[in-house]
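Here is how the chains run, residue by residue.
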Amino acid sequence: MAATVKSSAKAYFTVGEEIRDTKAPAGPIEKKWSTRKFEAKLVNPANRRKLTVIIVGTGLAGAAAGATLGEAGYNVHNFCFQDSPRRAHSIAAQGGINAAKNYRNDNDSVFRLFYDTVKGGDYRARETNVYRLAEVSAGIIDQCVAQGVPFAREYGGLLDTRSFGGVQVQRTFYARGQTGQQLLIGAYQALERQVAAGTVTMHSRHEMLEVIIHDGRARGIVTRDLVTGEVEAWYADAVVLATGGYGNVFFLSTNAMGSNVTANWRAHRKGAYFGNPCYTQIHPTCIPVTGEHQSKLTLMSESLRNDGRIWVPKNPEDAEKDPRDIPEDERDYYLERIYPSFGNLVPRDIASRQAKYMCDEGRGVGPAITETDHETGETIERRRGVYLDFADAIARLGKKEVSARYGNLFDMYAQITGENPYETPMRIYPAVHYVMGGLWVDYDLQSTVTGLFVTGEANFSDHGANRLGASALMQGLSDGYFVLPNTINDYLAAGPFEAIDDSTPASVEALREAKDRIEKLLSIQGDRSVDSFHRELGAIMWEYCGMDRDEEGLKIAIEKIRALRDEYWTNVRVTGVNEDFNQALERAGRVADFIDLGELMCIDALHRHESCGGHFRSESQTEDGEALRHDEEFAYVAAWEFTGDGQKPVLHKEPLVYEAIELKQRSYK
């Protein structure tokens, strides 16, 4: 399908050929995955030990893939920049993991999970991939239970479930508020079993700096040893990126401090298209910003919205009052009022925008924050917080039961804020959390670079313009345990491929690029720290490409980012040397890639002249402030091709065709 783009946006890019996923089989959607598995070529077990796979990342997607491919008999090299595989950011996930097992007998099904996910993503996800995700979800729970993951159980002994945003069933399995931690430990144990068996070799404290592409195929990576500074190449028959998301482009986010985009961006520069980079998720349930001393934000699990009620004072002058002194009839439980069908469990993008609207009206709570209005340039003070109140839940369930469900989250909140959430409402506000964009992949999870596969949050494929809560863990384990191990065989069946080494021209070039970049960063010796540039980039991104975007602001952001890049490469100061443990150097490379990514995100947001999910253009909204899509123009995946430094990126469009679900405007009312 053809799609037009506003001419003012086209000054920043060119339009290339249409792109399509050719791997999903024809036929009914419920049979596509079984058909693809049957049609895919297999690798004889005796031949698997002759094949090598590099996996970058050890979160749920990377650890699950490493364990599964190792168990299958492949020779796996697994890389992470942390000191231990189990320090991957997946461990920070709190609330739960979705699966269509219908334990509650509340009319859940594979199709309903599929429908909820496509609708939650505002009809900007690929149908085939989402259905497969829903289809394999039940197997994830069985796999994890067999590994000993301590899911919560109800009185009769069955696994317990709870609700998350954007759904009207209880399909989220959980381990108190530590679900990501318990799932990652399960995957880590499976991975370490293969390390002990000799099928997986673990390389911790190694950061990927380049991908090696020989004869049109991804054949290896270049890494830097973060302890010694040694730069070296590693070779394989296929490369898998499982490196997570890029939310730290905003500087302040709920991501771990080390989370970055470098692996994906290096692959992008070598030919991997970047899908929907502007689709970032703002999580509504985070501890508000308190000042410039902060370097990250803390997530309060969405699971809290099961029993907590979100409200603000009806009267702005009550913002400074103790919330316990504000009577019920002077409180606005705005999500329950606006969205009576879903209430506090509307999807994250909707809950986040409504919190912003309440604060913009002057009804926010907490300390006043100084802001600059980018349209008028005026300095204003606003309170950026809303209440998440458990008084009703404690009265209904008792403090003991509330503690059993959320105790570790309450403890974390108390430690950070010094306030007791059992006695006074929590204060929350939206913050950058997850990214739906990532490298473009086909149904097999293979990127536009042959032999380069991308799993988990690092790819774009499953969540459209907004991810439903508790689906990140589901995608990571789905890709790692079930999808990739069944699709990568089809590619590896043609191997082993021609052996290459450090003398191969592609390897020489990749090693040189990595070393030259390090030398350049160390040689500038300017006046500004790496973190000062990162903080400035984050302020630009949040102001102009955050919760609310418009054409004028995005154009301003692009020019500001370009100016920031010019200054970065002439005035950044990176202390220390390469041949040592040097975190300033680590951050310098990552921030340079964030700057380039930030520009592409703004270009992507500028060209998409519609609102959908987490991408909200103020020029495109309904009369009551809801996102307004323009399907006749923008029902496609935006897959961006890198063409060179300083050159316009090329936009390739993958049409989104909905056959199993009717394409319509979302409503949660």
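Since this is a predicted model, take the numbers as computed values, not measurements. (Residues numbered from 1 in each chain as written. Predicted model: local features only at pLDDT ≥ 70, side-chain atom pairs only at ≥ 80, totals over all residues. Heavy atoms only, no water.)

Draft legend 1. A look at the sheet that holds strand S21 (residues 452-454). With respect to topology, 5 strands assemble into an open sheet ordered S7-S3-S2-S11-S21, the strand pairing being parallel. Sheet topology places strand S7 (200-203) and S21 at the edges, where each strand pairs with a single neighbour. The average undirected angle you get between the axes of adjacent strands in this sheet is 20°. Bridge count for strand S2 (residues 52-56) against strand S11 (residues 238-241) is 4 bridges, and the pairing is parallel. Bridging across to S11, Val-53 finds its partner in Ala-238. Packed on one face of the sheet, helix H6 (residues 179-197) meets strand S3 (75-79) and S7 and runs near 110° to S7. (Pairing = 2+ DSSP bridges. Helix = DSSP H or I, 4+ residues; strand = E, 2+ residues; numbered from the N terminus. Axes fitted to C-alpha atoms, helices over the stretch in contact; angles between N-to-C directions. Contact = heavy atoms within 4.5 Å.)

Draft legend 2. Molecular detail of the nonpolar core. Core analysis: the biggest nonpolar cluster contains 152 residues, and Ile-97, Leu-241 and Tyr-568 have the highest contact counts within it. Broken down by element, this core gets its largest block of residues, 14 residues, from helix H16 (residues 583-607). Shared between two domains, this core takes at least three residues from each, and those domains are domain 1 (3-10 + 504-636) and domain 2 (35-280 + 436-492). Sequence-distant contacts of Leu-241, that is, excluding residues within four places in its chain, are made with Val-56, Met-208, Ala-263, Asn-264, Ala-267, Leu-439, Leu-452, Phe-453, Val-454, Thr-455 and Ala-458. The next biggest cluster of nonpolar side chains, apart from the first, holds 33 residues, and it includes Tyr-334, Val-346, Ala-355 and Ala-393. (Core = buried A, V, L, I, M, F, W, Y, C linked by side-chain atoms within 4.5 Å. Buried < 20%, exposed > 50% of the residue type's maximum accessible area, 1.4 Å probe, protein only. Domains from an automatic or database assignment.)

Draft legend 3. Focus on the domain arrangement of the chain. Annotation of the chain at the domain level lists domain 1 (3-10 + 504-636), domain 2 (35-280 + 436-492) and domain 3 (282-433). Relative placement of domain 2 and domain 3: their C-alpha centres are 31 Å apart. Across the contact, 26 residues belong to domain 2 and 32 residues belong to domain 3. When domain 2 packs against domain 3, close to 2500 Å² is buried across both sides, 52% of that on carbon and sulfur atoms. Linking domain 2 to domain 3 there are 0 salt bridges. Linking domain 2 to domain 3 there are 15 residue pairs in polar contact (both at pLDDT 80 or more). Here the side of domain 2 that touches domain 3 is composed, by residue class, of 8 nonpolar, 15 polar and 3 charged. (Buried area = accessible area lost by both parts, 1.4 Å probe. Salt bridge = Lys/Arg side-chain N within 4 Å of Asp/Glu carboxyl O. Polar contact = N/O pair within 3.5 Å; in protein donor to acceptor, adjacent residues only side chain to side chain. Nonpolar A, V, L, I, M, F, W, Y, C, P; charged D, E, K, R; others polar.)

Draft legend 4. Geometry of the packing of aromatic side chains. Applying the stated criterion across every chain, the model contains 24 aromatic pairs. Ring geometry for Phe-114 and Tyr-131: centres 5.1 Å apart, planes at 75°, overall edge-to-face. A residue pair is termed long-range when its members are at least 10 positions apart, and Phe-114 in helix H4 (residues 110-120) and Tyr-131 in helix H5 (residues 127-147) qualify at 17 residues. Seen in terms of ring centroids, Trp-311 and Tyr-333 are 6.2 Å apart; in terms of plane orientation they differ by 50°. Their pairing is tilted. On the criterion of sequence distance, the pair formed by Trp-311 in strand S14 (residues 309-313) and Tyr-333 in the loop between strand S15 (331-332) and helix H8 (334-338) is long-range, its members being 22 residues apart. Accessibility expressed as a relative area gives 0% for Trp-311, which makes it buried. (Phe/Tyr/Trp six-rings, centres within 6.5 Å; stacked < 30°, edge-to-face > 60°.)

Draft legend 5. Examining the pattern of salt bridges more closely. All chains considered together, the criterion is met by 58 salt bridges. For the salt bridge of Asp-593 with Arg-266, the shortest nitrogen-to-oxygen distance reads 2.7 Å. One end of the pair, Asp-593, is in helix H16; the other, Arg-266, is in helix H7 (residues 262-269), and 327 residues separate them in sequence. By relative accessible area, Arg-266 is classed as buried at 4%. In this structure, Glu-559 engages Arg-562 in a salt bridge whose closest nitrogen and oxygen atoms are separated by 3.6 Å. Of this pair, Glu-559 and Arg-562 are both found in helix H15 (residues 551-571), 3 residues apart, which corresponds to roughly one turn of the helix. Overall, Arg-562 belongs to the partly exposed group, its relative accessible area being 28%. Several salt bridges share partner residues, and in doing so they unite Asp-122, Arg-124, Asp-349, Arg-353, Arg-608, Glu-610, Arg-629, Asp-631 and Arg-666 into one network.

Draft legend 6. Structural context of the packing of H6 against helix H12 (residues 472-492). Close contact between H6 and H12 brings their axes to 11 Å; oriented N to C, the two are set at 10°. The angle between H6 and H12 falls in the class roughly parallel. Contact residues: H6 offers Thr-179, Gly-180, Leu-183, Gly-186 and Ala-187, while H12 offers Leu-473, Leu-477 and Tyr-481. (Parallel < 35°, antiparallel > 145°, perpendicular 65-115°, else oblique.)

Draft legend 7. Fine view of the state of the cysteines. Applying the stated rule across the entire model yields 0 disulfides. Between Cys-286, a cysteine without a disulfide, and Cys-359, which holds the nearest cysteine sulfur, the sulfur-to-sulfur distance is 13 Å. Note on Cys-545: no disulfide assigned, nearest cysteine sulfur contributed by Cys-602 at a separation of 4.2 Å. Residue classification places Cys-545 among the buried residues on the basis of a relative accessible area of 0%. (Disulfide = S-S within 2.5 Å.)

Draft legend 8. Seen up close, the sheet that holds strand S20 (residues 438-439). Read from one edge of the open sheet, 5 strands run S1-S25-S24-S12-S20, paired in mixed fashion. Looking at strand neighbours, the two that pair on one side only are strand S1 (14-15) and S20, the edges of this open sheet. Where strand S12 (residues 274-275) meets strand S24 (residues 636-641), 2 bridges bridge the pair, whose relative direction is antiparallel. In the sheet register, Gly-275 faces S24, and the bridge partner there is Ala-639. Most of the contacts of H16 go to S24, to which it runs at about 145°, and overall it touches S12, S24 and strand S25 (650-655).

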